[in-house]
Amino acid sequence: MYIRSRREFLKDTLKSVTALGALGGMAKFGELNALAAGSNYQALVCVFLLGGNDGHNTVVPLTTAQQNYSLYQQARGGLAIQQAALLPIANGSDSYGLHPSLVEIQSLYNQGKAAVLANVGMLVQPITRTMYLSNNGALVPSALFSHSDQSSQWQTGIPSGTGSSGWGGRITDLMQSQNAGATFPPMTATTGCQLFCTGVETFPASVPPTGMSTLNVNLTSTGTGSAMQQLLTFDNGVQLVQAANGIMTRGNTYANTLTGLLSGVSLQTQFPAGNPLAAQLQTVARVMAVRNQLGLTRQIFFCLLDGFDTHSSQVETQTPLLQQLSQALLAFYQSTVELGIDGSVTTFTASEFGRTLTPSGTDGSDHAWGNHHFVIGGGVKGGQFYGSFPLLVAGGANDAGTRGVLIPTTAVDQYGSTLAQWFGVAPANLPQVFPNIGSFGSNKLGFLG
């Protein structure tokens, strides 16, 4: 018979009361008063593209020292985007094209507010094609092409197995002193809590665009509220139940606190209607607007855009999704400018893996490995690429097989460690966030100061 540990019970309880905004109740914020939130404010915003976005049609080489558009076109077959339709950007003397839907990201890139991180993915250690083909399973992440496993590994930073906490949560663990005395959790998810959000000592709040739900009763009033208060405070001698009751009570307090504050927030920035990611990022901006009242100087947010598993009808599916991404990211960046914190907020994309260079059939692609990502914000050293862009040749030097399953040249650990250090994590503490960071040559990629 399997008996859950106390910690596992509490985790399940926390997840079960997400709708009440109760997650975050276990964080140990300390007893010191918060610093003036805003004077030392920084925030990270993760936008997870669930399903495995096709990076090959997101960022396309046009004319570079290594390759040109014709090489891409030959490999992609029916998936290739016509060169005239691509949105040109420069990386030094090399020219690339963005997907036609990424008009707003092109503008941010050309303004120096966005950067491209090339060919990043989950790694155990740096690996070559020859090493991969040796079939040594210890050299590669487990369950490499599985959606669920790779989503978990991306979010936990653990290449073998799934892990029980995420690197976003572990960053908040290390930064608790920055939020001492806060009245709300520093980690917020807008679409439910993925592993990325969960720390060892800290847990997130769930704040969907529709707003946080509460118990709809005043726990200190008479009648129903009084009865609920008695139920939640009744000492039945069962420690786990008492802990769960405390979590629910704090969750209701968090929900009431945030709901009251957000009612006074009015942003001038227009977010596109009918765009689910834009709705999430608008919620993020509104929560940031009340950071001072919440006593928060460090915040991390997790948003999600689903639908990128394009085994068929890729062009028809990816085109509107990337348009939603681009328009939402521009609106969110503009909102941070409005709030006066654009230099203090860094938004970054993630996805469980990339997709095959060669098509599946004629109009889709399959699960692969390395992928390209965007980093956006006023503090980003934008207008350039970071990492090593792969050679787009099926069966070539960067391919793990024969279909363009491109081996990452930059690890998730390095990507996340760069973000973590900008956020305030000391280099000596990076192994607590990314246990495998010592396997890689650099822990700071340079896209942030």
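Summarised in this report is the structure supplied together with it. On a predicted model such as this, the values are computed, not experimentally measured, just so you know. (Residues numbered from 1 in each chain as written. Predicted model: local features only at pLDDT ≥ 70, side-chain atom pairs only at ≥ 80, totals over all residues. Heavy atoms only, no water.)

1. Concerning the sheet that holds strand S4 (residues 94-98)
Point 1. With respect to topology, 3 strands assemble into an open sheet ordered S2-S4-S3, the strand pairing being antiparallel. Two strands close off the open sheet at either side, each with one partner strand: strand S2 (59-63) and strand S3 (87-91). Each adjacent strand pair in this sheet contributes to an overall mean axis angle of 35°, direction not counted.
Point 2. Across 4 bridges, the pairing between S2 and S4 is antiparallel. Bridging across to S4, Val60 finds its partner in Gly97. (Pairing = 2+ DSSP bridges. Helix = DSSP H or I, 4+ residues; strand = E, 2+ residues; numbered from the N terminus. Axes fitted to C-alpha atoms, helices over the stretch in contact; angles between N-to-C directions.)

2. Points about the nonpolar core
Point 1. If you look at the biggest cluster of nonpolar residues, it comprises 66 residues, and the most contacted ones within it are Val45, Leu281, Met288, Leu325 and Phe332.
Point 2. The element best represented in this core is helix H11 (residues 314-339), accounting for 8 residues.
Point 3. Non-local contacts of Met288, meaning those with residues more than four positions away in its chain, are made with Tyr41, Ala43, Val45, Gln299, Phe301, Phe332, Leu339, Ile341 and Val345.
Point 4. Among the nonpolar cores identified, the runner-up in size contains 36 residues, and Cys46, Ala115, Val120 and Trp422 belong to it. (Core = buried A, V, L, I, M, F, W, Y, C linked by side-chain atoms within 4.5 Å. Buried < 20%, exposed > 50% of the residue type's maximum accessible area, 1.4 Å probe, protein only. Contact = heavy atoms within 4.5 Å.)

3. Let's talk about helix H3 (residues 103-110)
Point 1. Listed as buried for H3 are Glu104, Ile105, Gln106, Leu108 and Tyr109.
Point 2. Buried residues in H3 make contact with S3, S4, strand S5 (114-121), H11, strand S10 (371-376) and strand S11 (385-386).
Point 3. One or two steps after H3, the chain reaches Gly112, where phi turns positive at roughly 80°.

4. Focus on the side chain of Gln299
Point 1. Locating Gln299 in the fold gives a position in strand S8 (residues 298-306).
Point 2. Judged by its relative accessible area of 0%, Gln299 is buried.
Point 3. Among the polar contacts listed, one links the side chain of Gln299 to the side chain of Tyr41, at a separation of 2.7 Å.
Point 4. With residues near it in sequence (within four places) discarded, Gln299 still touches Tyr41, Gln42, Ala43, Leu44, Pro186, Val287, Met288, Arg291 and Phe423. (Polar contact = N/O pair within 3.5 Å; in protein donor to acceptor, adjacent residues only side chain to side chain.)

5. A closer look at the environment of Cys303
Point 1. Among the secondary structure elements, Cys303 is positioned in strand S8.
Point 2. Residues contacting Cys303, with those up to four places away along its chain left out, are Val45, Cys46, Val47, Phe48, Thr190, Thr191, Leu277, Gln280, Leu281 and Val284.

6. Topic: the pairing of S5
Point 1. Counting buried residues in S5 gives 8 out of 8 residues, a clear majority hidden from the surface.
Point 2. Relative to S10, S5 runs antiparallel, the two sharing 5 bridges. Within the sheet, the bridge partner assigned to Ala114 lies in S10 and is Ile376.
Point 3. Here S5 pairs with strand S12 (residues 410-411) via 2 bridges, running parallel.

7. Quick notes on helix H5 (residues 147-156)
Point 1. With 7 of 10 residues buried, H5 is to be regarded as a mostly interior element.
Point 2. When H5 is considered as a whole, its buried residues turn out to be Gln150, Ser151, Ser152, Gln153, Trp154, Gln155 and Thr156.
Point 3. Just beyond H5, the residue with positive phi is Gly157, at close to 75°.

8. A word on the packing of aromatic side chains
Point 1. If you walk through the whole model with that rule in mind, you get 15 aromatic pairs.
Point 2. A centroid spacing of 5.0 Å and a plane angle of 55° characterise the contact between Tyr96 and Phe389, whose relative ring orientation is tilted. With a gap of 293 residues between them, Tyr96 in strand S4 and Phe389 in the loop between S11 and S12 connect regions that are remote in the sequence.
Point 3. Under the relative-accessibility criterion, Phe389 is labelled buried at 9%.
Point 4. An aromatic cluster of three or more residues is present, and its members are Phe48, Trp154, Trp167, Phe196, Phe302, Phe348, Tyr386, Tyr415, Phe434 and Phe447. (Phe/Tyr/Trp six-rings, centres within 6.5 Å; stacked < 30°, edge-to-face > 60°.)

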